[in-house]
Amino acid sequence: MADDGYNLAGKVALVTGASSGLGRRAAMALAEAGARVALTARRVDRLEALAAEITNYGGQAMPFALDVRDPVGIERVVADIETVMGPIEILVNNAGVSVVKRPEDFTVEDYDYIHETNVKGPFFLAQAVGREMIKRGQGGKIINISSMMALRVLGKLSLYAMSKAAIGQMTKQMALEWARHDIQVNAICPGYIETEMNRDHWQTEAGRGQIAGMPRRRMPQPEVMDGLLLLLASEKSDYMTGNLIPLDDGQVLM
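Throughout what follows, the structure given in this document is the object of discussion. This one's a predicted model, so the numbers in the text were calculated from it and none came from an experiment.

1. Describing the packing of helix 4 (residues 108-136) against helix 5 (residues 158-178)
Where helix 4 meets helix 5, the axes come as close as 9 Å, and the angle between the chain directions of the two elements is 15°. Classed by the angle they form, the pair helix 4 and helix 5 counts as roughly parallel. The crossing of helix 4 and helix 5 is right-handed. Contact residues: D110, Y111, I114, H115, N118, V119, P122, F123, A126, Q127, G130 and I134 in helix 4; L159, Y160, M162, S163, K164, A166, I167, M170, M174 and W178 in helix 5. Class assignment for the residues of the contact of helix 4 with helix 5 results in 15 nonpolar, five polar and two charged.

Right, here's the structure in full:
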């Protein structure tokens, strides 16, 4: 059988925010494709449980504690991963947070919390990983998790939307400037996807009403990101860079 190009055996992938939600699923998908996955987040107990789950089905994963708001911690963890697991060839910049308020109600603390996690952290992590990729001269893949909110507007999410729009522009800038180093930088822009963080909401009357108003009247599950993620992590995307790719079941059309 011909190799389908999605075999990531031997590759080392770093996933942030891997303790839950889309990050957890991304780590599992990469491991299932053969990558050795460095799992990072603040909740180390969850990372350890996920590493054990991946190992039990024959994959390879290791947990590393990381708060992406800490630039010193980022440098340390990247060095630790490369020492223990080998050169990072795939980065999935997934960690992110949100606060739901009207613009007039946000505080300085809200602003700092969102932007340090959603913008500062991903930038300095991509920088740390990108520097090592440049030194090695063998290219690499950086996949930023943005949001459909980088492409549309929705009430009570102005700070979150601003942060995800910043990730979109960061993706394009890094793609342009690192193209000469054969580093592809792309962003996935998910719409609403059911995770443990929002699952209860979709069972409420308001949540069911939102789903009824969506173009396809359904709530996607985290697994829907697998195909696009593996494409961007694999050699099949060698001619793709600087793209912001919606993955929203048509929600951005609303």
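Structure's up, so let's keep going.
2. Considerations on the pairing of strand 5 (residues 140-145)
Most of strand 5 sits out of view: six of its six residues are buried. Residues G140, I142 and N144 of strand 5 are buried on one face, and the alternating residues K141, I143 and I145, pointing to the opposite face, are buried as well. Taking the sense of rotation as the criterion, the β-α-β connection linking strand 4 (residues 90-93), helix 4 and strand 5 turns out right-handed. One ladder, built from six bridges, connects strand 5 with strand 6 (residues 183-190); its direction is parallel.

3. Some thoughts on the packing of helix 1 (residues 21-32) against helix 8 (residues 226-233)
At a minimum axis separation of 10 Å, helix 1 and helix 8 run at an interaxial angle of 60°. Judged on the interaxial angle alone, helix 8 and helix 1 are oblique. Read as a crossing pair, helix 1 and helix 8 show a hand that is right-handed. Residue-level contacts link R25, A26, A29 and L30 of helix 1 to D226, L229, L230 and A233 of helix 8. Looking at the contact of helix 1 with helix 8 residue by residue, the classes come out as six nonpolar, no polar and two charged.

Reading guide: rules and limits
- Residues numbered from 1 in each chain as written.
- Predicted model: local features only at pLDDT ≥ 70, side-chain atom pairs only at ≥ 80, totals over all residues.
- Heavy atoms only, no water.
- Axes fitted to C-alpha atoms, helices over the stretch in contact; angles between N-to-C directions.
- Helix = DSSP H or I, 4+ residues; strand = E, 2+ residues; numbered from the N terminus.
- Parallel < 35°, antiparallel > 145°, perpendicular 65-115°, else oblique.
- Left-handed = near helix turned anticlockwise from the far one by under 90°.
- Contact = heavy atoms within 4.5 Å.
- Nonpolar A, V, L, I, M, F, W, Y, C, P; charged D, E, K, R; others polar.
- Buried < 20%, exposed > 50% of the residue type's maximum accessible area, 1.4 Å probe, protein only.
- Right-handed = clockwise from strand over helix to strand, strands pointing away.
- Pairing = 2+ DSSP bridges.

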